[in-house]
There are 2 protein chains.
Amino acid sequence: MIGIVGGLGPYAGIDLLKKVYDNTIANSDQEHLNTVLVSMPSSINDRTEFLADKTIENPAVAIVEVLLLLEKIGVTFAGIPCNTAHSKEIFDVILTKLKEKKSMLNVLNMITETILFLNTNYPNIVRVGVLSTTGTYKSGIYSEPLKANGYKVILPTIEIQEELIHPAIYDSVFGIKTVSNPINPKAVKNLLQGVAFLKKNGAQAVILGCTEIPLAIPQKEIDGIVMIDATNVLARALINKYSPDKLKGL
Amino acid sequence: MIGIVGGLGPYAGIDLLKKVYDNTIANSDQEHLNTVLVSMPSSINDRTEFLADKTIENPAVAIVEVLLLLEKIGVTFAGIPCNTAHSKEIFDVILTKLKEKKSMLNVLNMITETILFLNTNYPNIVRVGVLSTTGTYKSGIYSEPLKANGYKVILPTIEIQEELIHPAIYDSVFGIKTVSNPINPKAVKNLLQGVAFLKKNGAQAVILGCTEIPLAIPQKEIDGIVMIDATNVLARALINKYSPDKLKGL
C-alpha cells in the first residue's frame, strides 16, 4: 500500500491522498491503488514551533510511530505531507530512528522529489522562488538543495515572510490551519502578494513549499509564473515508485 | 481512532474524512481527532453490480477485512461511506461476520443516522425524496426505513433513475466515479433534473443517498428544498460517538 502520515495538518493529508487519486489512471473504484492515511495530530508537535525553540519534543518521534504503524499494516512507500518536517533536524532523525527499528519502509523526500520534478519538467528555469512557513524559510529546507543544484533562489524578505506568508498559514483568525472550508480571502491575498513579490524579483517558478499553500493557490500558473505544488509532486512520486504503469501523464 | 473504509469510491472516502475534519471544533492541527482511512478498492466488488446479479462475491467479505484491520490498529468507531453497502444483503452480512470474529468495533449505520438527523433537525418535514444508485433505489435502502418512520417517500421514476441518476454516478464518460476532478457538468445537470422532479412531486427534502452525489451537489438547499448530505450526517455521527465535545454546532 501507499501510506500517508496525516495530521500535519489534517487537510494537507487529505490533499495528498486526493492528489494520489487524481494522478492515477483509473476508470472505476476498483482500478485505484491501495492507500492508507493515518492522522494522529494530537501527538505530533508543530514543526515550525520545534525548529524555532527546541524545548518541545522533536515531532520526528511521533511521526516515526505513525510510519511504523503504516509499515505494520502493509505500506511499502510512504509520504509525509509537511515540508517543514523535511528539515534536517526532523527528517534525518526520522530516517535514523526507522533504521534503528530495522524498518524497510521507503519514505520519499518531498524536497528532493520537487527539485527533481523541476529539473526534469522545466529544464530552462533557473530562478526559483519559494513560499513556505517561517520554519522552512529559516532552516533553508528548499534554498540549500536548490542552490546545490545550480538554481538561483528568490525568497520573500523577512518582513514579507513574517507579516504576510507565515500568518496566511498560522494566523488564528484567517490562517489556513484555522479556517480551510472555505479558505479565508485574506490568506489567499497574502500569498498572492508573496507571488507578486517573487515575480518582481525575477522568479520564473514558485515552489509552494508548505502543504497548506496549494489549498489556497490551486492555480498551475499565475501571471506566466509556474506554480510548483510540492504536494502534487509527492503524490506523483508515490505512484511512480509503487505502480509506475498507473501514473497519469502531465 | 475514528476509522473509514475507503475505496467505495475512493473520493467518497476522502469526502467523509474531510467532513469529519470540517465538523470538528479545532483551531490547530493538534486539536483534530485521530482518524484512519484505509482504501483497498481493488478487492471490493461494486455494490450495485452485486445487488443486480449476485454471481460476484459479496463486497461484505472484503469490507470486513478492512474493518478488522481498522480495529486491529485502534479504531473504535467506523463508517462505511457507501449507501449501497448498507443494503441488508451486504450490511447484515458485514455485522454477522464481525460478530463471528468477536469484533467489538462499532460500525455506524449511515441510513439510520440520516433518518435520525432528519427527524431531529427537520421535525416538520414529512415528504422526502431520495437520489441514489439503482442498487440503493431497487433494494429500498432508504425507502423502507423512511416509510417505517412515517415519512412519505418520493422517488424518481424508473426511467429517470436509469437514464439520468445512475449514469451521473457510473457513466464511463461523464459519471462521477470516472471523472471527479472536476466533476463533469453533465453529471451535475442530470442530478439537478432529478432534484427538480422530486420537488415537482412534493419533496420537502432530498436525501443525497449516494456518497458520490454530494461531490456534484454541495448546496445545502436548492429552490427551497433541503439537501440532506448523508456523508456529512455520518461524519457528524462519528464525531458525536467518539468525542461529543468536539462536534461543531450546525
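Residues numbered from 1 in each chain as written. Chains lettered and ligands numbered in written order. Predicted model: local features only at pLDDT ≥ 70, side-chain atom pairs only at ≥ 80, totals over all residues. Heavy atoms only, no water.

Novice: Would you explain the overall build of chain A in this entry?
Specialist: Counting secondary structure elements, chain A contains 11 helices and 9 strands. Here the C-alpha atoms of chain A give a radius of gyration of 17 Å, agreeing with the 18 Å that 2.2 N^0.38 yields for 250 residues. Its C-alpha atoms put chain A at 45 × 45 × 40 Å along the principal axes. Evaluated residue by residue, chain A yields a buried proportion of 60% over its 250 residues. Once local pairs closer than 6 in sequence are excluded, the contacts in chain A between residues at least 24 apart make up 73%. If you sum the accessible surface of chain A, you get close to 10000 Å²; carbon and sulfur atoms cover 52% of it. For chain A, the distance from the average site of its 24 positive side-chain charges to the average site of its 24 negative ones is 4 Å. (Helix = DSSP H or I, 4+ residues; strand = E, 2+ residues; numbered from the N terminus. Rg over C-alpha atoms; globule rule 2.2 N^0.38 Å. Buried < 20%, exposed > 50% of the residue type's maximum accessible area, 1.4 Å probe, protein only. Contact = heavy atoms within 4.5 Å. Areas by Shrake-Rupley, 256 points an atom, 1.4 Å probe, with all protein chains shown as cover. Lys, Arg positive; Asp, Glu negative; His and termini not counted. Charge placed at Lys NZ, Arg CZ, Asp CG, Glu CD.)

Novice: Sorry if this is basic, but what is going on with the interface of chain A and chain B here?
Specialist: Accessible area lost on assembly of the parts is the figure often given for the size of an interface. At the junction of the two partners, chain A supplies 35 residues and chain B supplies 35 residues. Both faces considered, chain A and chain B share a buried interface measuring about 3100 Å² in area, 55% of it formed by carbon and sulfur atoms. The three residues of chain A that bury the most area against chain B are Ile14(A), Asp29(A) and Gln30(A), which together make up 20% of that side's buried surface. In this assembly, chain A and chain B are joined by 4 salt bridges. Between Arg47(B) and Asp29(A) there is a salt bridge, with the nearest N and O atoms lying 2.9 Å from each other. Linking chain A with chain B are 11 residue pairs in polar contact (both at pLDDT 80 or more), by the criterion used here. Looking at the side of chain A that touches chain B, the elements that each hand over two or more residues are helix H1 (10–22) and strand E2 (35–39) of chain A. (Buried area = accessible area lost by both parts, 1.4 Å probe. Salt bridge = Lys/Arg side-chain N within 4 Å of Asp/Glu carboxyl O. Polar contact = N/O pair within 3.5 Å; in protein donor to acceptor, adjacent residues only side chain to side chain.)

Novice: Would you explain the sheet that holds E2(A) in this entry?
Specialist: Whether parallel or antiparallel, the strands of a sheet pair through hydrogen bonds between backbone atoms. Read from one edge to the other, the open sheet built from 8 strands follows the order E4(A)-E3(A)-E1(A)-E2(A)-E2(B)-E1(B)-E3(B)-E4(B), with strand pairing classed as mixed. A single partner strand is all that each edge strand has here, and the edge strands are strand E4 (106–107) of chain A together with strand E4 (106–107) of chain B. As judged from the 2 bridges shared by strand E3 (residues 77–79) of chain B and E4(B), these two strands associate in the parallel manner. Within E4(B), the residue paired with Ala78(B) across the bridge is Val107(B). (Pairing = 2+ DSSP bridges.)

Novice: Teacher, can you tell me more about the confidence of the model for chain A here?
Specialist: Do not read the predicted coordinates in detail wherever pLDDT is low. In this model, chain A carries a mean pLDDT of 95, and residues with pLDDT of at least 70 account for 100%. Listed scores for the predicted complex are pTM 0.93 and ipTM 0.92. (pLDDT = per-residue confidence, 0-100.)

Novice: Would you mind going over the packing of helix H5 (residues 110–121) of chain A against helix H11 (residues 230–242) of chain A with me for this structure?
Specialist: A pair of packed helices can be characterised by two numbers: the angle between their axes and the separation between those axes. Residues and elements named next belong to chain A. The geometry of H5 relative to H11 is characterised by a closest axis approach of 9 Å and an angle of 95° between their N-to-C directions. Looking at the two axes, H5 sits roughly perpendicular to H11. Residues Met 110, Glu 113, Thr 114 and Phe 117 of H5 touch H11, and the partners they reach there are Ala 230, Thr 231, Val 233, Leu 234, Arg 236, Ala 237 and Lys 241. Taken together, the residues of the contact of H5 with H11 break down into 6 nonpolar, 2 polar and 3 charged. (Axes fitted to C-alpha atoms, helices over the stretch in contact; angles between N-to-C directions. Parallel < 35°, antiparallel > 145°, perpendicular 65-115°, else oblique. Nonpolar A, V, L, I, M, F, W, Y, C, P; charged D, E, K, R; others polar.)

Novice: What is the right way to look at the pattern of salt bridges in this model?
Specialist: Two side chains carrying opposite charge are able to pair once their charged atoms lie near each other. Residue and element names in this part refer to chain B. Applying the stated criterion across every chain yields a total of 16 salt bridges over all chains. We note a salt bridge from Lys 177 to Glu 212, for which the minimum N-O separation is 3.2 Å. Taken together, the residues Lys 177 in the loop between helix H8 (158–170) and helix H9 (185–200) and Glu 212 in the loop between strand E7 (205–208) and helix H10 (213–216) connect sequence positions 35 residues apart.

Novice: Help me understand the environment of Ile94(A), please; the structure alone is not making it clear to me.
Specialist: Residue and element names in this part refer to chain A. Within the element layout of this structure, Ile 94 appears in helix H4 (residues 88–100). On a C-alpha basis, the gap between Ile 94 and Ser 180 in space is 28 Å, while along the polypeptide they are 86 residues apart. When neighbours within four sequence positions are excluded, Ile 94 is seen to be in contact with Ala 60, Ile 63, Val 64, Leu 67, Ile 80 and Ala 85.

Novice: Quick question: what am I supposed to make of the environment of Gly175(A) here?
Specialist: Looking at the secondary structure, you find Gly175(A) in the loop between helix H8 (158–170) and helix H9 (185–200). Sequence-distant contacts of Gly175(A), defined by excluding residues within four places in its chain, comprise Pro167(A), Ala168(A), Ile169(A) and Tyr170(A).

Novice: Honestly, the pairing of E2(A) in this entry has me stumped. Any pointers?
Specialist: Two faces make up the sheet, and in a regular strand the side chains alternate between them. Within E2(A), 5 of the 5 residues are buried, which leaves the element mostly enclosed by the surrounding structure. Judged by which residues are buried, E2(A) turns out to be covered on both faces: Thr35(A), Leu37(A) and Ser39(A) on one side and Val36(A) and Val38(A) on the other are all buried. In this view, the connection linking strand E1 (residues 2–6) of chain A to its parallel neighbour E2(A) by way of H1(A) has right-handed handedness. Taken together, the 5 bridges between E2(A) and strand E2 (residues 35–39) of chain B define a ladder with antiparallel strand orientation. Considered in E2(B), the bridge of Leu37(A) is made with Leu37(B). (Right-handed = clockwise from strand over helix to strand, strands pointing away.)

Novice: What am I meant to see in the pairing of E2(B) here?
Specialist: Summarising the sheet, strand E1 (residues 2–6) of chain B and E2(B) pair through 5 bridges and their orientation is parallel. Considered in E2(B), the bridge of Gly6(B) is made with Ser39(B).

Novice: Help me understand the sheet that holds strand E8 (residues 221–222) of chain A, please; the structure alone is not making it clear to me.
Specialist: Residues and elements named next belong to chain A. Strand order in the open sheet formed by 5 strands is E6-E5-E7-E9-E8, and the pairing between neighbours is mixed. This sheet does not close on itself; its edge strands, each paired only once, are strand E6 (152–154) and E8. Relative to E6, strand E5 (residues 127–131) runs parallel, the two being bridged by 3 bridges. In the sheet register, Gly 129 faces E6, and the bridge partner there is Ile 154. Contacts between H9 and the sheet are confined to E5, E6, strand E7 (205–208), E8 and strand E9 (225–229), with E5 contributing the most and set at about 160° to the helix.

Novice: Would you mind showing me how to read the packing of aromatic side chains here?
Specialist: Aromatic ring pairs are defined here through the distance separating the ring centres and the angle between the ring planes. This structure, assessed with the given rule, holds 4 aromatic pairs over all chains. Here the guanidinium or amino end of Lys186(A) rests over the ring plane of Phe174(A), the centre of that ring lying 5.0 Å away. (Phe/Tyr/Trp six-rings, centres within 6.5 Å; stacked < 30°, edge-to-face > 60°. Lys NZ or Arg CZ within 6 Å of the ring centre and 35° of its normal.)

Novice: What should I look at first to understand the relation of the copies chain A and chain B in this one?
Specialist: Related by rotation about an axis and a shift along that axis, the two copies of the chain form a pair. Of the two same-sequence chains, chain A is brought onto chain B (RMSD 0.0 Å, axial shift 0.0 Å) by a rotation of 180°. Viewed as a symmetry operation, the transformation between the two copies matches a two-fold axis. When C-alpha positions in chain A are compared against the rotation axis, the closest is assigned to Leu37(A), at 2.6 Å. In this assembly, 100% of the residues forming the interface of chain A have copies in chain B that are likewise at the interface, indicating an isologous arrangement. (Least-squares fit on C-alpha atoms with pLDDT ≥ 70 in both.)

Novice: Help me understand the nonpolar core, please; the structure alone is not making it clear to me.
Specialist: If you look at soluble globular proteins, the nonpolar side chains tend to sit buried side by side. Counting residues in each nonpolar core, the largest one holds 72 residues, and the members touching the most others are Leu146(A) and Leu146(B). If we skip the residues at most four places from it in the chain, Leu146(A) touches Ile115(A), Leu118(A), Val128(A), Val130(A), Tyr151(A), Val153(A) and Ile207(A). Ile73(A), Val38(B), Ala60(B) and Leu70(B) belong to the second-largest nonpolar core, a separate cluster that totals 56 residues. (Core = buried A, V, L, I, M, F, W, Y, C linked by side-chain atoms within 4.5 Å.)

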